[in-house]
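Next come the chains, spelled out residue by residue.
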Amino acid sequence: MEWLKKLGAAIRYIEDNLDKEISYEEAARIACCSPYYFQRIFSYVSGVPLSEYIRRRKMTQAAFELQRTDSKVIEIALKYGYSSPTSFNRAFQSVHGITPTVARAMGSTLQAYPSIQFRVEITGGSPMAYHIVEKQPVRIVGIRIPLACEMEENLRIVPSFWEAAWQGSQLSEICSLSNQEPDGILGVSVYESPRQIYYYIGVATNSPVPAGMYEYVIPGATWVVFENNGDFKDNVQSVFKRFYMEWLPFSGYKYANLPDIEVYPICGGQPARGHSEVWIAVEKEGK
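Cut-offs and rules
- Residues numbered from 1 in each chain as written.
- Predicted model: local features only at pLDDT ≥ 70, side-chain atom pairs only at ≥ 80, totals over all residues.
- Heavy atoms only, no water.
- Helix = DSSP H or I, 4+ residues; strand = E, 2+ residues; numbered from the N terminus.
- Buried < 20%, exposed > 50% of the residue type's maximum accessible area, 1.4 Å probe, protein only.
- Contact = heavy atoms within 4.5 Å.
- Areas by Shrake-Rupley, 256 points an atom, 1.4 Å probe, with all protein chains shown as cover.
- Lys, Arg positive; Asp, Glu negative; His and termini not counted.
- Charge placed at Lys NZ, Arg CZ, Asp CG, Glu CD.
- Salt bridge = Lys/Arg side-chain N within 4 Å of Asp/Glu carboxyl O.
- Expected span 1.5 Å × (residues − 1).
- Phe/Tyr/Trp six-rings, centres within 6.5 Å; stacked < 30°, edge-to-face > 60°.
- Lys NZ or Arg CZ within 6 Å of the ring centre and 35° of its normal.
- Pairing = 2+ DSSP bridges.

Asks: Residues and numbers for the overall build of the chain, please.
Replies: For the chain, the count of helices and strands is ten helices and nine strands. Over its C-alpha atoms, taken along the principal directions, the chain stretches across nearly 70 × 45 × 35 Å. Looking at the chain as a whole, 47% of its 287 residues qualify as buried. Of all intrachain contacts in the chain linking residues separated by at least 6 positions in sequence, the fraction that spans at least 24 positions is 74%. Element-wise, carbon and sulfur atoms account for 50% of the exposed surface of the chain, whose accessible area totals about 14400 Å². Distance from the positive charge centre (28 side chains) to the negative charge centre (31 side chains) of the chain: 6 Å.

Asks: Provide a residue-level description of the environment of P210, including the pertinent values.
Replies: Take P210: it is sitting in the loop between β4 (196–204) and β5 (214–218). Residue classification places P210 among the buried residues on the basis of a relative accessible area of 15%. The sequence separation of P210 and V141 amounts to 69 residues, and the corresponding C-alpha distance is 8.5 Å. Those residues within four positions of P210 in sequence are excluded, and the remaining contacts are V141, E173 and L177.

Asks: Tell me about the pattern of salt bridges, and please be specific about residues and values.
Replies: One side chain can pair with another of opposite charge once the charged atoms of both are near each other. Summed over all chains, the structure comprises twelve salt bridges. A salt bridge links E152 to R55; the nearest nitrogen and oxygen atoms lie 3.9 Å apart. Taken together, the residues E152 in helix α8 (residues 151–167) and R55 in helix α4 (residues 50–68) connect sequence positions 97 residues apart. With relative accessibility at 23%, the residue R55 sits in the partly exposed group. When salt bridges with common partners are traced through the structure, they connect E52, R55, R56 and E152 into a single cluster.

Asks: Report on the side chain of Q39, specifying residues and quantitative values.
Replies: Its place among the elements puts Q39 in helix α3 (residues 35–46). A residue is classified by how much of its surface remains accessible, and Q39, at 3% relative accessible area, is buried. For Q39, the contacting residues outside a window of four places in its chain are Y24, L50, C149, E150 and M151.

Asks: Give a detailed account of helix α6 (residues 85–96), specifying residues and quantitative values.
Replies: With twelve residues, α6 ought to run about 16 Å at 1.5 Å a step, and its terminal C-alpha atoms sit 16 Å apart, in line with that. Contacts from the buried residues of α6 go to α4, α5 (73–79) and α7 (100–103).

Asks: If you had to explain the packing of aromatic side chains to someone new, which residues and values would you point to?
Replies: Scanning all chains against the criterion turns up 24 aromatic pairs. Ring plane angle 65° and centroid distance 6.4 Å describe the contact between F243 and Y255, whose orientation is recorded as edge-to-face. Here F243 is found in helix α10 (residues 232–251), whereas its partner Y255 is found in strand β7 (residues 253–255), with twelve residues between them in sequence. On the basis of relative accessibility, which here comes to 11%, the residue Y255 falls in the buried class. Of the aromatic side chains, those joined through ring pairs into one cluster are Y36, Y37, Y130, Y191, F226, F243, Y244, W247, Y253 and Y255. Against the face of F240 rests R40, its NZ or CZ located 5.3 Å from the ring centre. Sitting over the ring of Y198, R144 keeps its end group 3.9 Å from the ring centre.

Asks: Let's hear about the side chain of N154: which residues, and what values?
Replies: By secondary structure assignment, the location of N154 is in helix α8. Judged by relative accessible area, N154 falls into the buried class, the value being 3%. Apart from the residues within four sequence positions on either side, N154 is in contact with Y36, L147, A148 and P159.

Asks: Break down the pairing of strand β2 (residues 138–146) for me, with residues and values.
Replies: Examined bridge by bridge, β2 and β5 share five bridges and lie antiparallel to one another. Across the sheet, residue V141 finds its bridge partner in β5, namely E215. Pairing between β2 and β4: seven bridges, direction antiparallel. Paired with P146 across the strands is Y198, a residue of β4.

Take a look at the structure:
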């Protein structure tokens, strides 16, 4: 439950500062994680990138002010952090589909996005198959691509990276190196610093690093491993959401802020469905 309280406090900070500068660093500090992991976690549990959530909330409040006050459009734009009418118009239309000027007219249809509230709900639910393992450091070898601090951009980068990997020749070479656990093709997001964020496609191995590839050692940890059967993309995203909202609050563990590991089957084609696993590092509460 402590995790949900911290996440809720971070959201309250954002809501209290919609008309001020919102610091991702401060929101992450309140949630007790790095800015990168806060954005990643937020996108999984809410279903929308943090930047888009903030944009929607700002434009919701801006629309209210346009209709209930006599403030000029440029005044409202400046209040919500937009230095030019053009950038404000673009953001406003992306949310409401009409310009701020048109929105002032009585009868205009607008979109109101309420504040997100994180809480545990009693639902019918479905079981989450999992097991917990202790592992020494995991050395992975493979290819990688730099990620952005903005999760919205990464949602475009990672699928394109996988597509290019399947179309190229390196993936078969990577698969041939696999000789350690987790056994399979691994997708690993690694945050080292704001300027060093990478997504790896690789395998766990003790083999030498081929030319043009990279290695990374994931620290030893306690891992909760969730198993899935079905569509890879939907199931992996569902696991992360259910982990944060259903499993973690009652488990007696906390998120360890280590790279998460997606495990996919090694095969010759480009599968979209099958058996997959998600490995998430955890620590006992109080450590």
